[in-house]
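If you want the building blocks of each chain, they are given just below.
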Amino acid sequence: TQVLSIEGLKQVEVDELFAGDIGIIAGTESAEIGDTFAGSESVQPMERIVVEKPTLAMIFSVNTGPLSGQDGEAIMSRKLRERLLREVRNNVALRFEETALPDQFRVMGRGELQLGILIEQMRREGFEFMVGKPVVLYQKAENGEKLEPVEMAVLDLPEIYSGEVTRLFQTRKGILQKFEPQETVGLHGSARVRLEIEIPSRGLLGMRSKFLTITRGDGLFSTQLLGYQPYKGDILHRTNGALVCDRLGETITYALMNLEDRGVLFMGPGVDVYEGMIIGEFNKDNDLNVNPCKEKKLTNIRSAGAEFLVTLAGIRKMSLEQCIEWIDEDEWIEVTPKNIRLRKKVLPLNLRSVKRAERVSSGSKDE
């Protein structure tokens, strides 16, 4: 239907394309990015650009929460599918797969940053949806051995932070391959070093934000896929459970103050919550169903404003990247234009277990 050419940053409609032009052809499903169009069969096609295969997969689902449709557009599965397919056509590094459930789709990419950018784009477009825990794409060797993707992380950072960064990567099965002092000097006069660390793709989940925190934003981080190697063993993930809301309502300061000793809160007072929504991290490894909407009982005894002097100790505001790293197999991230919420896949508290072993095994079966 259209033939377009590139002029600067613009796409301009033209009547014909000449040899050597990079063009855009609209109106056909058979053509893909990287195809060569020739005038005769004798012309040899250009070698297709090789894109690294995806290493992570994430489930995108329709928003089924009680608060869906309040912040943005609560899309149906058809519209979510069309939006993901449109993204896959434009981005050759992404892959799309149907699942056994009609309202859930699997998107595969090169890393959590790439999938996080897609989630943020859809969020800014006004969509409401849910995403699950990212899963590493494993392979099997000819002898049946389990293989996993391994990447080379190249870090450029001030030397004073190198020890702490190295320890961080070692906890995720990282192996230091190279340590090179650099001639450049940082902003504060400190020498810089370049580290090359071989690490499984699983170990890179959530590492970017931690790396930037340790280096005070002065570090550079890039990765390159090395290939598939034998499974490196279990990597310590989140050991704590979740504080799960047990009813629909609005959080109250009085109730949250009584929950502070149980763990770390993710939200303050005046936030709409519902049954099955995660409001914080529990101190122990099991989940705990709590009531953050409990109001103080009224009596005829009054203190001189003493309760107004007490405030919440601290709240951990969870970003999208932190949520992707934090969630377990039995949890969803609910993404809306205004909010990012954490919730259980099974909302009614009488239908889900609070024991870690049972909830993680049931979550992996759902995947």
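The structure under discussion appears in the preceding block.
What you see is a predicted model, and the numbers here were worked out from it, not measured in a lab.

The rules behind these values
Residues numbered from 1 in each chain as written. Predicted model: local features only at pLDDT ≥ 70, side-chain atom pairs only at ≥ 80, totals over all residues. Heavy atoms only, no water. Helix = DSSP H or I, 4+ residues; strand = E, 2+ residues; numbered from the N terminus. Buried < 20%, exposed > 50% of the residue type's maximum accessible area, 1.4 Å probe, protein only. Contact = heavy atoms within 4.5 Å. Areas by Shrake-Rupley, 256 points an atom, 1.4 Å probe, with all protein chains shown as cover. Lys, Arg positive; Asp, Glu negative; His and termini not counted. Charge placed at Lys NZ, Arg CZ, Asp CG, Glu CD. Polar contact = N/O pair within 3.5 Å; in protein donor to acceptor, adjacent residues only side chain to side chain. Axes fitted to C-alpha atoms, helices over the stretch in contact; angles between N-to-C directions. Parallel < 35°, antiparallel > 145°, perpendicular 65-115°, else oblique. Left-handed = near helix turned anticlockwise from the far one by under 90°. Nonpolar A, V, L, I, M, F, W, Y, C, P; charged D, E, K, R; others polar. Core = buried A, V, L, I, M, F, W, Y, C linked by side-chain atoms within 4.5 Å. Pairing = 2+ DSSP bridges. Patch = residues over 30% accessible without salt bridge, like charges linked within 9 Å, V, L, I, M, F, W, Y side chains within 5 Å. Salt bridge = Lys/Arg side-chain N within 4 Å of Asp/Glu carboxyl O. Phe/Tyr/Trp six-rings, centres within 6.5 Å; stacked < 30°, edge-to-face > 60°. Arc of directions from axis to C-beta.

**Student:** Explain the overall build of the protein chain here, please?
**Tutor:** Along its length, the protein chain carries seven helices and 22 strands. Overall, the protein chain is about 95 × 55 × 50 Å in size when its C-alpha atoms are taken along their principal axes. Considering the protein chain as a whole, with its 367 residues, one finds that 40% of them fall into the buried category. Long-range contacts, defined as pairs at least 24 residues apart, comprise 70% of the intrachain contacts of the protein chain with a sequence gap of at least 6. In the structure as shown, the protein chain presents an accessible area of about 21,000 Å², 52% of it carried by carbon and sulfur atoms. Positive and negative side-chain charges of the protein chain, numbering 48 and 56 respectively, have mean locations separated by a distance of 7 Å.

**Student:** Would you explain the side chain of asparagine 240 in this entry?
**Tutor:** Among the secondary structure elements, asparagine 240 is positioned in the loop between strand S14 (220-230) and strand S15 (242-245). A polar contact is formed between the side chain of asparagine 240 and the side chain of threonine 239, at a distance of 3.2 Å. One polar contact links asparagine 240 to glutamate 281, side chain to side chain, over a distance of 3.5 Å.

**Student:** What am I meant to see in the environment of lysine 296 here?
**Tutor:** Residue placement: lysine 296 occurs in the loop between strand S20 (288-290) and helix H6 (320-326). A C-alpha to C-alpha distance of 39 Å links lysine 296 and glycine 206, two positions 90 residues apart in sequence.

**Student:** Can you walk me through the packing of helix H3 (residues 162-170) against helix H4 (residues 207-214) in this structure?
**Tutor:** The angle between the axes and the distance between the axes are what describe a pair of packed helices. One way to put it is that H3 packs onto H4 with a least axis distance of 10 Å and a crossing angle of 160°. Between H3 and H4, the interaxial angle falls into the category roughly antiparallel. Judged by the twist between their axes, the crossing of H3 over H4 is right-handed. Between H3 and H4, the contacting residues are Glu164, Val165, Leu168 and Phe169 on the first element and Met207, Lys210, Phe211 and Ile214 on the second. In terms of residue class, the contact of H3 with H4 is built from six nonpolar, no polar and two charged.

**Student:** Before we go on, may I ask you to explain the nonpolar core in this structure?
**Tutor:** Where a protein is soluble and globular, its nonpolar side chains tend to be buried together. Among the nonpolar cores identified, the biggest contains 33 residues, and Phe60, Leu84, Ile119, Phe129, Ile333 and Leu342 are the most heavily contacted of them. Among the secondary structure elements, those contributing two or more residues to this core are strand S4 (56-62), helix H1 (77-90), strand S7 (104-109), helix H2 (112-124), strand S8 (127-131), S15, H6 and strand S21 (331-335). Non-local contacts of leucine 342, meaning those with residues more than four positions away in its chain, are made with Phe266, Met277, Ile278, Met318, Cys323, Trp326, Ile327, Trp332 and Ile333.

**Student:** Sorry, what's going on with the sheet that holds strand S1 (residues 2-7) here?
**Tutor:** Strands in a sheet are paired, the pairing made by backbone hydrogen bonds, and the direction either parallel or antiparallel. Reading across the sheet, the three strands line up as S2-S1-S3 and stay open at both edges, with antiparallel pairing between neighbours. Edge strands, defined here as strands with exactly one partner in the open sheet, are strand S2 (10-13) and strand S3 (23-26). On average, adjacent strands in this sheet sit at an angle of 35° to one another, irrespective of strand direction. Bridge analysis of S1 against S3 gives four bridges, and the strand direction is antiparallel. Considered in S3, the bridge of valine 3 is made with isoleucine 25.

**Student:** Help me understand a nonpolar patch on the surface, please; the structure alone is not making it clear to me.
**Tutor:** A contiguous nonpolar patch, built from Leu17, Ile25 and Phe37 and spanning about 270 Å² of accessible area, is present on the exposed surface. Relative to the helices and strands, leucine 17 is located in the loop between S2 and S3.

**Student:** In this structure, what is going on with the packing of aromatic side chains? I would like to understand it.
**Tutor:** Given two aromatic rings, their pairing is described by the distance between the two centres and the angle made by the two planes. Going through the model one piece at a time under the given rule, you end up with six aromatic pairs. Seen in terms of ring centroids, phenylalanine 169 and phenylalanine 221 are 6.1 Å apart; in terms of plane orientation they differ by 35°. Their pairing is tilted. Highlighted residues: phenylalanine 169 in helix H3 and phenylalanine 221 in strand S14, separated in sequence by 52 residues. Summarising the burial analysis for this pair, phenylalanine 169 and phenylalanine 221 share the class buried.

**Student:** How should unusual backbone geometry be read in this particular structure?
**Tutor:** Apart from glycine, the bulk of residues carry a negative phi angle, and the bulk of peptide bonds sit in the trans form. Positive phi outside glycine occurs at lysine 173, with the angle close to 70°. Position of lysine 173 relative to the elements: it lies in the loop between H3 and strand S12 (175-185). By relative accessible area, lysine 173 is classed as partly exposed at 35%. You will see that arginine 216, though not glycine, has its phi angle at about 55°, which is positive. Turning to its location among the elements, arginine 216 is positioned in the loop between H4 and S14.

**Student:** How should I be thinking about H4 in this particular structure?
**Tutor:** For the α-helix, the turn length of 3.6 residues means that residues three or four positions removed from each other point alike. Taken residue by residue, H4 has Met207, Phe211 and Ile214 as its buried positions. On an axial view of H4, the arc spanned by its buried residues comes to 65°, and they lie on one face. Those residues of H4 that are buried are in contact with H2, strand S11 (146-158), H3 and S14. Just past H4, the residue arginine 216 takes up positive phi, approximately 55°.

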